[in-house]
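A closer look at the structure
Each chain is listed here by its residues.
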Amino acid sequence: MATPIKVNRIGLEPQIYKGGKTTLCAGCGHNAISERIIDAFYEMGVDPRQVIKLSGIGCSSKSPAYFLGGSHGFNAVHGRMPSVGTGAMLANKKLIAIGVSGDGDTGAIGIGQFVHLMRRNLPIIYIIEDNGCYGLTKGQFSPTADLGSKLKTGVVNDLPPIDTCALAVELGATFVARSFSGDKKQLLSLLKAALAHRGTVMLDVISPCVTFNDHEGSTKSYAYVKDHDDPLEEVSFVPFFEDISVDYEPGTTQEVRMHDGSKLYLKKLEEDYDPTDRIAALKRLHETARRGEFATGLIYIEPDRDDFLEQLNLIDEPLATLPLERVRPGREALEEIMESLR
Amino acid sequence: MSPTDLAVQEQQEAARRQRVVNDFSIQVATVNGSGSQTANLVLLRSILLMGVPVSGKNMFPSNIAGLPTWYTIRASKRGYVGRKKEVDFLVAMNAETAKEDVLTLDPGAAVVYDAPLKLDALRTDLTFYPVPFDKLVGPVCPDAKLRRLVRNMIYDGILAKLLGIDMTLMEKALGKQLGKKGKAVALNQGALKAGWDYAEANFTKQDPYVIEPMSETRGKILIEGNTAAAIGCMMAGVTVVAWYPITPSSSLCESLITYMKKYRVDKETGKATFAIVQAEDEIASLGMVIGASWAGARSMTATAGPGISLMGEFAGLGYYAEAPAVIFDVQRVGPSTGLPTRTAQGDLLQTAFLSHGDTKHIMIFPSSVEECYTMSQEAFDLAEQFQTPVFVMMDLDLGMNNWMSDGFTYPDKPINRGKVLTDEVLKRIGEWGRYKDVDGDGIPYRTIPGDGMPAYFARGSGHNAKGQYSERPDDYVENMDRLARKFETARQHVPKPVIQHNPKAKIGFIAFGTSHYATEESRDQLREETKVETSYFRLRGYPFNDELAAFIDAHDRLYVIEQNRDAQLLQLMKLELTTDRIAKLRSVLHYNGLPIDARSITDDVLSQEGYEVAKKTASRMSAGTAGGE
């Protein structure tokens, strides 16, 4: 007798959530992120046919081809994925958008669109696969490279890095988190929480480049990141469809109720940290950076702010499929306009 | 006002006997930001209400207030609405330009001017009507702060009296312009009357120009091309609009916002059936449009030349990923701050091939406000039918000036959403591939995210017919050839030319967009003044239809008339035509920032045809507004 096939809550097998075979380097952090995305979408029971995958240009931006093969995808131009994602979500508000960018794609050529995406609070999960260098053009520094970080060739970075998380908090993003491609548990919890969030999720994932930026002297190598990872809390996510209650000692864990009813449990570590406090979030980011460390986990969350589509007061149905009679005003409308011009 | 020269007096006597009825141009020279636009539009509309064909052109600086601006109104019983090079009647309100404005008039012109400017000392061959505007405005406008704005309405009253425009119609036009602003209407009516009364008490008509009632404008509307295009977009069922403010296109999206808020909000829920987003730049605008159309929405943006430049990469992505997009290019002069408020047709070459790596785009060319309305609807159909960006090439003259037109007719056709994969189609074609040419026309079937049909990964880079990433040379060539085939199919679907074939003509004119009006008028001038017969091919779409070659073959010499320096349309034609056809092509070029006029075309053509042409002074405004930023 065949073993029963494993399916998720909408009856789909894990296989459905996989994508094409990766063409990235063996050991690339991006592949681990793709795997977590597959796990999160499977476990949350997201219908892949409702998902759109978006990306810019670079190694990271190739990765949407390697997960959710049954979803539509759009590999946009360098740094401009936010606008394509914005347009698509305007067209069909029922879609679930996941965008994958890189540190160069976001921090350099795409910084303008990134800034305005954060301001708008468009419903999208925006992931930066952050390795501090341009992999696809063979290892030049990117704007997230730390001061003093060294290239393989010995060149030292002497410009201050852009902290995409601090920038996102500053600009009004409503879900800002940082993780490490090597931290399976934290990344998976954050991705699942991302799917439950309404509005923009900005998730910066440190994802070492094994080919160009994994050496001694680099601050984005596996070894360096493992040693300097400073988790803010222990993140557990309980989706709305799972009836699980979590017991915890009062004062040890913060519970965040998300817009769809899911819950985030943030178990406090050595320091008290409140991710709903924007100023505290910025302070903490600056402090950790000064120590040369990475604050990981949920940095900031504002679960109930209206997203961009709500602000635009869009009709409930997707704009894309409204029938002609609902998008072409009647003869009397045109006549009224003509009369006003006579 | 009191010319001493006897010859001039005789000339004016003669002029009075030969009245010039409904065939002259009025130019109002003011300072921008002084509220003159209201007075000018009231004058324009009152002539329209008199039943006389009329057009208005605003020559304004890139500035909010304080720089010279000119508004030209042309009354033409024959219906000519292109710019008239000569000014017959000047209203000189701007001290800064008055002297030059007067010195460049042709003999016999009339001048209404602000009395302190003492312009009558400058010339003896003109008719002068000095008006003490400041003295007149005080009694009708007690509020000193408003006087600057109301003052201009006085010249409307003066002109009504001098030209014979019915005051009740002028008041009607004023009501139309100001709508429900009761206080403003009353103030301006007082100013109108003050002008009329002053003219009646102080002036004897000495110039030949008069407006007499006609019945040529019944039912006509007055509308800017940008507004007309906006109405077209709404009727086409546009749902997603992304834009970035830029002169001269901004008013297209702004009037669209106004109309959509009024007519496209769902009555039951009070929610919008559209999304309009002011993006962070033109790159993001087109990105949003492409994202939206990929996800199935009818989407558009409007911009001008600098925006087109920025959109280059996305335009190429739209071409290769095969995403529809409607892009309005309301053309203007130059990059950066270079004459952003002046008209041109200078974006053809950059738009035709916008982006890198073998791209070709569909362009359509409306000439009239009515075509702005109909062609914006056609643009959406073409974009979805061909799954590619479509550029609607307007210009500032068309987009921002008021044009008279018949009322627009309600669209009688459903919209064409192009080839979208359905279960039925899938059954018919068997296996689906996103970029597979099933029908031999180069146009594949697409699926739309969320529609439950097979997914694909859209990208600009190499892909095979199934939409899979591929760097294989044969896959690449196959795709490129199919895209070329698709463009060939488009040749027969873009708007056809409008051809006026004259069997007696050896000369053919080829023009597009707003050059149309000057071209038509020039053909009349050539026939009536020099007995030169011409045919006329008004181009309306790119890629060129087959009719172009046939038209060239039927004539000995072809004059391609365009408003740019580099003969951009002619260059495009050269890329496709055979050498014997190319040898027949000549250029008529106009690129001084002002709308092209008939006399310039006529003189240029005659000179190229070997006639002696008296060289007139350069267009008077070419030296205008120097020094302003």
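Residue positions are given per chain, counting from 1 as you read along its sequence in written order. All chains are assigned letters beginning with A, and all ligands numbers beginning with 1, in the order in which they are written. The predicted origin of the model limits local features to residues at a pLDDT of at least 70 and limits the giving and counting of side-chain atom pairs to 80 or more, whereas totals for whole chains, interfaces and linings rest on all residues.

**Looking at the overall build of chain B**
Rules: The helix and strand labels rest on DSSP assignments: H or I over at least four residues marks a helix, E over at least two residues marks a strand, and numbering proceeds from the N terminus. Atoms counted for the radius of gyration: C-alpha only. Globule rule: 2.2 Å times residue count to the power 0.38. The burial label depends on the number of other C-beta atoms within 10 Å of a residue's C-beta. Counts of 20 or more mean buried, 12 or fewer mean exposed, and intermediate counts mean partly exposed, with C-beta atoms placed from the backbone.
Of the regular secondary structure elements, chain B holds 22 helices and 23 strands. Against the compact-globule benchmark of 25 Å for 629 residues, chain B has a radius of gyration of 27 Å, which places it among compact chains. The principal-axis extent of the C-alpha atoms belonging to chain B is close to 90 × 65 × 45 Å. Looking at chain B residue by residue over its 629 residues, the buried ones come to 55%.

**Side note on the overall build of chain A**
As a reminder of what qualifies: A pair of residues counts as a contact when their C-beta atoms, built from backbone coordinates, are within 7 Å of each other.
Across its full length, chain A holds 12 helices and 13 strands. Since a compact globule built from 342 residues should have a radius of gyration of about 20 Å, the 21 Å found for chain A is in line with a globular shape. Projected onto its principal axes, the C-alpha positions of chain A cover 75 × 50 × 50 Å. Out of the 342 residues in chain A, the part that is buried amounts to 55%. Restricting the contact set of chain A to residue pairs at least 6 apart, pairs at least 24 apart contribute 71%.

**Comments concerning the pairing of strand β22 (residues 557–562) of chain B**
Residue and element names in this part refer to chain B. Applied cut-off: Any two strands with at least two DSSP bridges between them are considered paired.
Across the six residues of β22, five count as buried, placing the element largely inside the fold. Bridging between strand β19 (residues 507–512) and β22 involves five bridges; their strand directions are parallel. Directly across from A511, in β22, lies its bridge partner I561. Relative to strand β23 (residues 585–589), β22 is paired through five bridges, and the arrangement is parallel. Among the inter-strand pairings, E562 is bridged to a residue of β23, identified as L589.

**Some thoughts on the environment of B:R482**
Residues and elements named next belong to chain B. Tracing the chain through its elements places R482 in helix α17 (residues 473–491). Assessed through the 19 C-beta atoms surrounding it within 10 Å, R482 is described here as partly exposed. Not counting residues up to four positions away in its chain, the partners in contact with R482 are Y435, D437 and G442.

**Considering the nonpolar core**
Rules: Each nonpolar core consists of buried Ala, Val, Leu, Ile, Met, Phe, Trp, Tyr and Cys residues. Their C-beta atoms, within 7 Å, join them into a set.
Core analysis: the biggest nonpolar cluster contains 285 residues, and A:I299, B:I47 and B:V111 have the highest contact counts within it. The element contributing the most residues to this core is helix α5 (residues 144–163) of chain B, with 10 residues. The residues contacting A:I299, other than those within four sequence positions of it, are A:C165, A:V169, A:V176, A:A177, A:R178, A:L232, A:P275, A:A281 and A:L285. By size, the runner-up hydrophobic cluster in this structure holds six residues, among which are A:F141, A:A145, A:C209 and A:F212.

**Overview of the pairing of strand β4 (residues 124–130) of chain A**
Residues and elements named next belong to chain A. The buried count for β4 comes to seven of seven residues, which makes it a mostly enclosed element. The two faces of β4 match: I124, Y126, I128 and D130 on one face and I125, I127 and E129 on the other face are all buried. Both strand β3 (residues 96–102) and β4 contribute to a ladder of five bridges, which runs parallel. Bridge assignment links G99 to a residue of β4, and that residue is Y126.

**Structural notes on helix α3 (residues 81–91) of chain A**
Counting buried positions along α3(A) yields 11 of 11 residues, so the element is predominantly enclosed. The set of residues buried in α3(A) consists of A:M81, A:P82, A:S83, A:V84, A:G85, A:T86, A:G87, A:A88, A:M89, A:L90 and A:A91.

**Comments concerning unusual backbone geometry**
Omega for the bond connecting B:T247 with B:P248 falls within 30 degrees of zero, at 5°, which places this linkage in the cis form. If you trace the backbone, B:P248 turns up in the loop between β10 (240–243) and α9 (250–263). With omega at 10°, the peptide bond leading from B:Y542 into B:P543 counts as cis. With respect to the helices and strands, B:P543 occurs in the loop between β21 (541–542) and α19 (547–553). Here A:K138, not a glycine, exhibits a phi torsion of approximately 80°, which is positive. With respect to the helices, strands and loops of the structure, A:K138 is situated in the loop between β5 (133–134) and β6 (140–141). For A:K138, a count of 10 C-beta atoms within 10 Å corresponds to the exposed category.

**Here we look at the packing of helix α4 (residues 133–140) of chain B against helix α7 (residues 182–202) of chain B**
Residues and elements named next belong to chain B. Put simply, the rule is: For every element, the axis is a line fit to its C-alpha atoms; helices are fit only across the contacting stretch, and the angle between N-to-C directions ranges from 0 to 180 degrees. When an angle is under 35 degrees it counts as roughly parallel; over 145 it counts as roughly antiparallel; between 65 and 115 it counts as roughly perpendicular; any other value is oblique. Here is the rule for handedness: rotate from the far helix to the near one, and if that takes an anticlockwise turn smaller than a right angle the crossing is left-handed, while a clockwise turn gives right-handed. Residues are grouped as follows: nonpolar covers Ala, Val, Leu, Ile, Met, Phe, Trp, Tyr, Cys and Pro; charged covers Asp, Glu, Lys and Arg; every other residue, Gly included, is treated as polar.
The geometry of α4 relative to α7 is characterised by a closest axis approach of 9 Å and an angle of 135° between their N-to-C directions. Our classification of the angle between α4 and α7 gives oblique. For the crossing formed where α4 meets α7, the hand is right-handed. When α4 is examined against α7, the residues L136, V137 and V140 are found in contact with a partner set consisting of G190, A191, A194 and Y198. Partitioning the contact of α4 with α7 into residue classes produces six nonpolar, one polar and no charged.

**What about the domain arrangement of chain B?**
So the rule is basically this: In this document the domain limits rely on a domain assignment from an automatic tool or a database.
The domain architecture assigned to chain B consists of domain 1 (6–210), domain 2 (223–405), domain 3 (423–491) and domain 4 (498–623). Computed over C-alpha atoms, the centres of domain 3 of chain B and domain 4 of chain B are 41 Å apart.

**Some thoughts on the packing of helix α10 (residues 282–294) of chain B against helix α12 (residues 312–321) of chain B**
All names here are of chain B. At their nearest, the axes of α10 and α12 sit 8 Å apart, and the two run at 15° to each other. When the axes of α10 and α12 are compared, the pair comes out roughly parallel. You can see that α10 and α12 cross each other, and the crossing is left-handed. For the pair formed by α10 and α12, the contact residues are I283, L286, G287 and I290 on the first element and F314, A315, L317 and G318 on the second.

**A word on the sheet that holds strand β12 (residues 263–268) of chain A**
All names here are of chain A. Taking strand neighbours across the sheet as the criterion, the three strands line up as β10-β12-β11 in an open arrangement whose pairing is antiparallel. The sheet is open, and its two borders are formed by β10 (233–238) and β11 (253–257), each paired with just one other strand. For this sheet, the mean inter-axis angle between neighbouring strands, taken without regard to orientation, is 20°. In this sheet, β12 lies alongside β10 in antiparallel orientation, the contact comprising six bridges.

**Points about the interface of chain A and chain B**
Many structure descriptions define interface size as the accessible area lost when the parts assemble. Facing the 48 residues of chain A at the interface are 54 residues of chain B. Elements that contribute at least two residues to the side of chain A that touches chain B include exactly β2 (72–75), α3, α5 (111–120), α11 (324–327) and α12 (331–341) of chain A. With eight residues, α3(A) is the single largest residue contributor to the side of chain A that touches chain B. In the sheet, β2(A) pairs with strand β17 (residues 457–459) of chain B via three bridges, with the strands oriented parallel. Within the sheet, the bridge partner assigned to A:G73 lies in β17(B) and is B:F457.

**Considering the environment of A:V235**
All names here are of chain A. Among the structural elements, V235 can be located in strand β10. By C-beta crowding, V235 is classed as buried, having 26 other C-beta atoms within 10 Å. For the pair V235 and Q186, spaced 49 residues apart in the sequence, the C-alpha separation amounts to 6.2 Å. Those residues within four positions of V235 in sequence are excluded, and the remaining contacts are Q186, S189, L190, L264, L266, G297 and L298.

**Quick look at the sheet that holds strand β12 (residues 299–303) of chain B**
Strand order in this open sheet of seven strands is β11-β10-β12-β13-β15-β14-β21 (chain B), and the pairing throughout is mixed. The open sheet has two free edges, formed respectively by β11 (275–278) and β21 of chain B, since each of these has just one partner strand.

**Considerations on helix α8 (residues 225–235) of chain B**
Residues and elements named next belong to chain B. Burial within α8 is extensive, with 11 of its 11 residues counted as buried. Inspection of α8 places G225, N226, T227, A228, A229, A230, I231, G232, C233, M234 and M235 among the buried residues, and these make up the whole buried set. At the exit of α8 stands G237, carrying a positive phi of roughly 80°.

**Things to note about the confidence of the model for chain B**
Residues and elements named next belong to chain B. Worth spelling out the cut-off: pLDDT expresses, on a scale from 0 to 100, how confident the predictor is about each individual residue.
With 95% of its residues at a pLDDT of 70 or more, chain B has an overall mean of 93. Confidence drops under a pLDDT of 50 for residues 617–629, and excluding neighbours within four residues, the segment shows 18 contacts in the predicted structure. Interface predicted TM-score (ipTM) for the complex: 0.96; the corresponding pTM is 0.95.

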